Amino acid sequence: MRVWIHFVKDAPLRFLSHLDLMRTWQRAIRRAGLPVSYSAGFNPHPKMSFASALPVGAISDEEYLDIQFSESLSDTEFTRLRETLPKGMTIVSWRPVPPETPPLMSLVFASAWRLPLSQDEQSAAAEHIRLLLAAETLPVLRQGKKGEKTVDIRPLLLRLEITAAGELSMLLRSGGDGGAKPREVLHLLHLEHGELRLRKTGLYLNVGNCLQSPTDVGLKEKEVLIDAEKNCYQL
Amino acid sequence: MKDYRSIFWDTILPRVQKPTRYSGNEINAVHKSHQTTLVKIALAFPDLYEIGMSHLGLKILYHIVNQNESWAAERVFMPDADLEKIMRDESFPLCSLETVTPLHDFDLVGFTLQYELSYATIIQMLDLSGIPLYQADRGDRDPLIVGGGPGAYNPEPLADFFDFFIIGDAEETLPQVLQILAAEAHISREDKLRRLAGVTGVYVPSFYRDTYDDGRYMGTRPVSEDFPPQVRRAVVADLETADYPTDFIVPYGGIVHDRLVLELFRGCTRGCRFCQAGIIYRPVRERSPETLQKLAKKMVSSTGYEEIALSSLSSGDYGALDQLVEELGREMAALGVSLSLPSLRLDSFSGELAQQVQRVRKSGLTFAPEAGTQRLRDVINKNITEEDLLKAASDAFSAGWTGVKLYFMLGLPTETDEDLHGIADLARKVVKVYRQAGGKGRPRVTVSTSVFVPKAHTPFQWVGQITEDEMMRRTQLLKNEIRGGGLQFSWPDAKTSILESALARGGRRLAPVIARAAALGAKLDGWGEHFSFERWRQAFTESGLDIKECASMGFGEDDPLPWDHLDSGVTKRFLLREFKRSLDGKVTNDCRENCLGCGMAVLLEREEKKGDCHHESMDSLC
């Protein structure tokens, strides 16, 4: 049984790295006594992966685990899993997905972020946002395995604004190589220290220029479809 | 009161590396309100989290204390350099992980003394806590500082910094200590210590004085008749019924030994003459396979760990090992949990056993012949032959391993160059065995060495360490010999072993040395990037001592030893007898075959056992 689990990673666990988080889930699943599937080979690994990596220090309302169990699970078993998670990690919902569905990681298109700003930061950021959105290109230097390379992140900024509540709101392309990192955008906005106040508020797949969350999209065999009755963000 | 918790979480944690090690909110960590607890102890491990969290003793004590509703135990480790700097710069005191409570607000701070290289770190942690370093300077409002673990069998170099030590199995002594402190919260510090001195295993150094005659050490004696001339260690008589933690704290980040530990038994009967653990954890006390299986299941379901180490000083000596490994291995494999056997003597190793434990994952193998020739192995009473080693290696290679590590000690008493050539010779034979076993390509045979450090309460306590020049010469000899053809040599760190030796058998006059070294910046000396021999040499010199002389100093048979007033249960007479037999190259058999009269039976006060002791026959063996 393959399942997408939507969970929250809150303040007490904000410093967990990607690897720490993986270990934490693996152990929680064993505590709950759930039959996870293992890869074959010399060093068998449980078949599970996250939809995306969260920067260390950030918290998130929208984390997803894509996991394969060797048997069907009941609600009771998911409740047991929910109860054994450390404080600061909560399962919001879970949905079974067809076995042929591509890995969630490969479907992710964009993510939404919020950052509370002080009065001073707001006015400075508003000006930086204007400049950023007006720019033709926004070259950013990345440290890759094969040395440095320059990436233009301008096309990866889908939305950038300050909300009525005085928060910075960002919608960024993400997933694979095709994403902008929140840190890179914060750097351009001169909000380097903001990373530790960052909250991920949305994760989206893209179906025909409509952004929908993994919880809401329709799934049919290999296909990912729009569920017209659920929330959809039009690009 | 200052809100240490929010300051720490909001303004400090975001600035440090690997913050999860300071977060204190791991699965199974215990958070108790201090309003409702009568006595609180901070369990301090004087090293980084990754080391300290790998230690079984800490888990046992944490569990035992927290089981009692009116007691609270919390953890504290040495912060890494970045956090330490922030704490010093911003005057933020060292706090426990669980509730972010400053150490000076605890009733008791307990340090484990696992290795000499952690001693300066203890001073740093006291300093970071704002607790007066010297016990003589502490008042009624300061916590009591207690030490335990193997180092407590010769705690004299630290005596001035500690209020008391627990000698022996602390799971026996600590609850009695906490009961007294919970009941007598308002009496003076001195009166508390007087009450505690009455508990078996408690040693209060300020009630004992080191005496000298014309500068010559004459022994450490009680200051009054209220205290016994020898403090007897505490022993858990029955491990089967002793409480054992199944609710291990589960760290988020990787730690050194990130796994469950199942203690099969305590103690070892082999009688290796260099080994302190073999003496101070006597007698052998086993848990039954049924109990162990029950514990294992509970541990996995409360932690979710993927590996269980079957632990002891020599797991091959566990009576029902085959049965346990077979049954437990099968049960655990079904849960995706693997077993490991980290302490297997090579004469207990078999290919079959190895495959059983490696059912899920395969890890490295280390064999420890300890010395290169049969003569020297007889001197140290290792009781392992070349044949044993080659058979174990052959089994391992046939079972699919392509490399083994061989561990040896350099500078054992009576060692000659011939013994060193023997090390290289053994390693080459292991390579040959690989080819004979049909191994493809080259094996990886790593010869790993350390310099022998004589320890208190062992038959070799009277001998000095070899000099640094000799360490260098012998290391060079091995470097020249162990070359090519699948061989690798990992040489010893001479400088740290000199410090270990100087501290391991020292007396109270080393206190100012340790305090001075810490003041010069010594800390985390087990880590290459922190250790500075020069700093320690200077600290010794400023106290009028020579570190190298302290390390290579031997004792005469009749000399009083700085730890003579601490009774491990094994008599000095037995140790001396073993020392003499070693110099004659005589081996002594495993004492399961025949009681050797070491003295433990007397300590256990088991009348029926005393009859088995053949003191006379042993004495006639000398």
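Residues numbered from 1 in each chain as written. Chains lettered and ligands numbered in written order. Predicted model: local features only at pLDDT ≥ 70, side-chain atom pairs only at ≥ 80, totals over all residues. Heavy atoms only, no water.

Undergrad: Please give an account of the overall build of chain A that cites residues and values.
TA: Each helix and strand in chain A was counted, giving five helices and 14 strands. Taking 18 Å as the expected radius of gyration for a compact globule of 235 residues, we find that chain A reaches 19 Å, a close match to that expectation. Dimensions of chain A, computed from the C-alpha atoms along their principal axes, are close to 55 × 40 × 35 Å. Looking at chain A residue by residue over its 235 residues, the buried ones come to 50%. Restricting to contacts in chain A with at least 6 residues of sequence separation, those with at least 24 account for 68%. When the accessible surface of chain A is split by element, carbon and sulfur atoms take 52% of a total near 11,500 Å². Of the side chains in chain A, 29 bear a positive and 28 a negative charge, and the two mean positions are spaced by 5 Å. (Helix = DSSP H or I, 4+ residues; strand = E, 2+ residues; numbered from the N terminus. Rg over C-alpha atoms; globule rule 2.2 N^0.38 Å. Buried < 20%, exposed > 50% of the residue type's maximum accessible area, 1.4 Å probe, protein only. Contact = heavy atoms within 4.5 Å. Areas by Shrake-Rupley, 256 points an atom, 1.4 Å probe, with all protein chains shown as cover. Lys, Arg positive; Asp, Glu negative; His and termini not counted. Charge placed at Lys NZ, Arg CZ, Asp CG, Glu CD.)

Undergrad: Any details on the domain arrangement of chain B? Residues and values, ideally.
TA: Domain parsing of chain B yields domain 1 (4–232), domain 2 (259–363), domain 3 (364–496) and domain 4 (571–621). The centre of domain 1 of chain B, based on its C-alpha atoms, is set 36 Å off from the matching centre of domain 4 of chain B. (Domains from an automatic or database assignment.)

Undergrad: Break down the domain arrangement of chain A for me, with residues and values.
TA: Residues and elements named next belong to chain A. In terms of domain boundaries, chain A breaks down into domain 1 (2–97) and domain 2 (107–218). On a C-alpha basis, the centroid separation for the pair domain 1 and domain 2 is 25 Å. The interface is formed by 19 residues belonging to domain 1 together with 17 residues belonging to domain 2. Overall, the association of domain 1 and domain 2 removes approximately 1,500 Å² of surface from exposure, summing both partners, and the carbon and sulfur fraction of that is 53%. Where Glu-63 meets Lys-200, a salt bridge forms, and the shortest distance between an N and an O atom there is 3.1 Å. Where domain 1 packs against domain 2, one counts eleven residue pairs in polar contact (both at pLDDT 80 or more). Only β1 (2–9), β3 (59–68) and β4 (89–97) provide two or more residues apiece to the side of domain 1 that touches domain 2. Taken together, the residues of the side of domain 1 that touches domain 2 break down into eight nonpolar, five polar and six charged. (Buried area = accessible area lost by both parts, 1.4 Å probe. Salt bridge = Lys/Arg side-chain N within 4 Å of Asp/Glu carboxyl O. Polar contact = N/O pair within 3.5 Å; in protein donor to acceptor, adjacent residues only side chain to side chain. Nonpolar A, V, L, I, M, F, W, Y, C, P; charged D, E, K, R; others polar.)

Undergrad: Talk me through the sheet that holds strand β16 (residues 403–410) of chain B; I want residue IDs and the actual numbers.
TA: Residues and elements named next belong to chain B. A sheet is described by the order of its strands in space; here four strands give the open sequence β15-β16-β17-β18, paired in parallel fashion. What marks the edges here is a single partner per strand, and that holds for β15 (366–370) and β18 (487–490). Ignoring strand direction, the axes of neighbouring strands in this sheet form an average angle of 25°. In terms of strand pairing, β16 meets strand β17 (residues 444–451) through eight bridges, oriented parallel. In the strand pairing of β17, Val-404 is matched with Val-445. Helix α15 (residues 468–481) contacts β16, β17 and β18 of the sheet and is inclined by roughly 150° relative to β16. (Pairing = 2+ DSSP bridges. Axes fitted to C-alpha atoms, helices over the stretch in contact; angles between N-to-C directions.)

Undergrad: Residues and numbers for the pairing of β18(B), please.
TA: What you see with β18(B) is a clean split: Leu487(B) and Phe489(B) sit on the buried side and Gln488(B) and Ser490(B) on the side with no burial. Handedness of the β17(B)-α15(B)-β18(B) crossover: right-handed. (Right-handed = clockwise from strand over helix to strand, strands pointing away.)

Undergrad: Which residues make up the interface of chain A and chain B, and what are the values?
TA: With 20 residues of chain A at the interface, the matching set in chain B holds 26 residues. Between chain A and chain B, a total of about 1,800 Å² is buried, with carbon and sulfur atoms accounting for 56% of that surface. Per-residue buried area on chain A facing chain B is highest for Phe15(A), Arg27(A) and Arg30(A); these three make up 39% of the total on that side. Connecting chain A to chain B are three salt bridges. For Arg27(A), the salt bridge is made with Asp258(B), and the minimal N-O distance between the two is 3.2 Å. For the interface between chain A and chain B, the tally reads ten residue pairs in polar contact (both at pLDDT 80 or more). If you tally residues by element for the side of chain A that touches chain B, the top one is helix α1 (residues 18–31) of chain A, at six residues. Taken together, the residues that form the side of chain A that touches chain B break down as eleven nonpolar, three polar and six charged.

Undergrad: So, the packing of helix α3 (residues 56–67) of chain B against helix α6 (residues 170–183) of chain B: which residues are in play, and what are the values?
TA: All names here are of chain B. At a closest axis distance of 10 Å, the pairing of α3 and α6 adopts a crossing angle of 35°. In the packing of α3 onto α6, the handedness of the crossing is right-handed. On α6, the residues touching Ile-60, Leu-61, Ile-64 and Val-65 of α3 are Ala-170, Glu-171, Leu-174, Pro-175 and Leu-178. Residues of the contact of α3 with α6, tallied by class, amount to eight nonpolar, no polar and one charged. (Left-handed = near helix turned anticlockwise from the far one by under 90°.)

Undergrad: An account of the side chain of Glu26(B) is needed here, citing residue identities and associated values.
TA: Inspection of the secondary structure assignment puts Glu26(B) in the loop between α1 (4–12) and β1 (39–45). Look past the residues within four positions of Glu26(B) in its chain and what remains in contact with it is Tyr49(B), Arg75(B), Ile249(B), Val250(B), Pro251(B) and Tyr252(B).

Undergrad: Before we move on, can you summarise unusual backbone geometry with the specific residues and values?
TA: Along the chain, Arg282(B) connects to Pro283(B) via a cis peptide bond; the corresponding omega equals -10°. You can see Pro283(B) is positioned in the loop between α8 (277–280) and β12 (285–286). Positive phi values are uncommon outside glycine, yet Asn209(A) reaches one of about 60°. One non-glycine residue, Asp214(B), lies in positive phi territory at about 60°. Along the chain, Asp214(B) turns up in the loop between β7 (208–213) and β8 (216–222).

Undergrad: Please give an account of the sheet that holds strand β5 (residues 164–166) of chain B that cites residues and values.
TA: Residues and elements named next belong to chain B. The six strands are arranged β2-β1-β3-β4-β5-β6 in an open sheet whose pairing can be described as mixed. Only two strands of the sheet have a single partner each, and these edge strands are β2 (71–77) and β6 (202–203). Packed on one face of the sheet, helix α5 (residues 119–129) meets β1, β2, β3 (108–112) and β4 (144–148) and runs near 160° to β3.

Undergrad: A description of the pairing of strand β10 (residues 199–207) of chain A should follow, citing residues and the corresponding values.
TA: Residues and elements named next belong to chain A. Pairing between β3 and β10: two bridges, direction parallel. Pairing of Ser-60 across the sheet is with Lys-200, part of β10. In this structure, β10 lies alongside strand β11 (residues 210–212), joined through three bridges in antiparallel fashion. Opposite Asn-206, over in β11, you have Leu-211 as the bridge partner. Here β10 hands over to β11 after two residues, with Gly-208 in that stretch at a positive phi of 55°.

Undergrad: A description of the environment of Tyr318(B) should follow, citing residues and the corresponding values.
TA: Residues and elements named next belong to chain B. Note that Tyr-318 resides in the loop between β13 (307–311) and α10 (321–333). Taking the C-alpha atoms as reference, Tyr-318 lies 25 Å from Pro-459; in sequence the two are 141 residues apart. Setting aside residues no more than four positions away along its own chain, Tyr-318 makes contact with Leu-264, Phe-265, Glu-286, Arg-287, Ser-288, Pro-289, Leu-292 and Leu-324. Of the polar contacts made by the side chain of Tyr-318, one reaches the backbone oxygen of Arg-287; its length is 2.6 Å.

Undergrad: Kindly report on the nonpolar core, identifying the contributing residues and their values.
TA: Residue and element names in this part refer to chain B. In this structure, Leu-108, Phe-164, Trp-536 and Phe-540 are the most contacted members of the largest nonpolar core, which totals 110 residues. Two domains each donate at least three residues to this core, and these are domain 1 (4–232) and domain 3 (364–496). Apart from residues no more than four positions distant in its own chain, Phe-540 is found in contact with Leu-499, Ala-502, Leu-503, Leu-510, Val-513, Leu-545, Asp-546, Ile-547 and Cys-550. (Core = buried A, V, L, I, M, F, W, Y, C linked by side-chain atoms within 4.5 Å.)

Undergrad: Talk me through the packing of aromatic side chains; I want residue IDs and the actual numbers.
TA: Residue and element names in this part refer to chain B. Applying the stated rule across the entire model yields 26 aromatic pairs over all chains. Between Tyr-134 and Phe-161, the aromatic rings sit 5.1 Å apart at their centres with planes inclined by 40°, giving tilted as the arrangement. Placement of the pair is Tyr-134 in the loop between α5 and β4 and Phe-161 in the loop between β4 and β5, with a sequence separation of 27 residues. For Tyr-134, a relative accessible area of 28% translates into the label partly exposed. (Phe/Tyr/Trp six-rings, centres within 6.5 Å; stacked < 30°, edge-to-face > 60°.)

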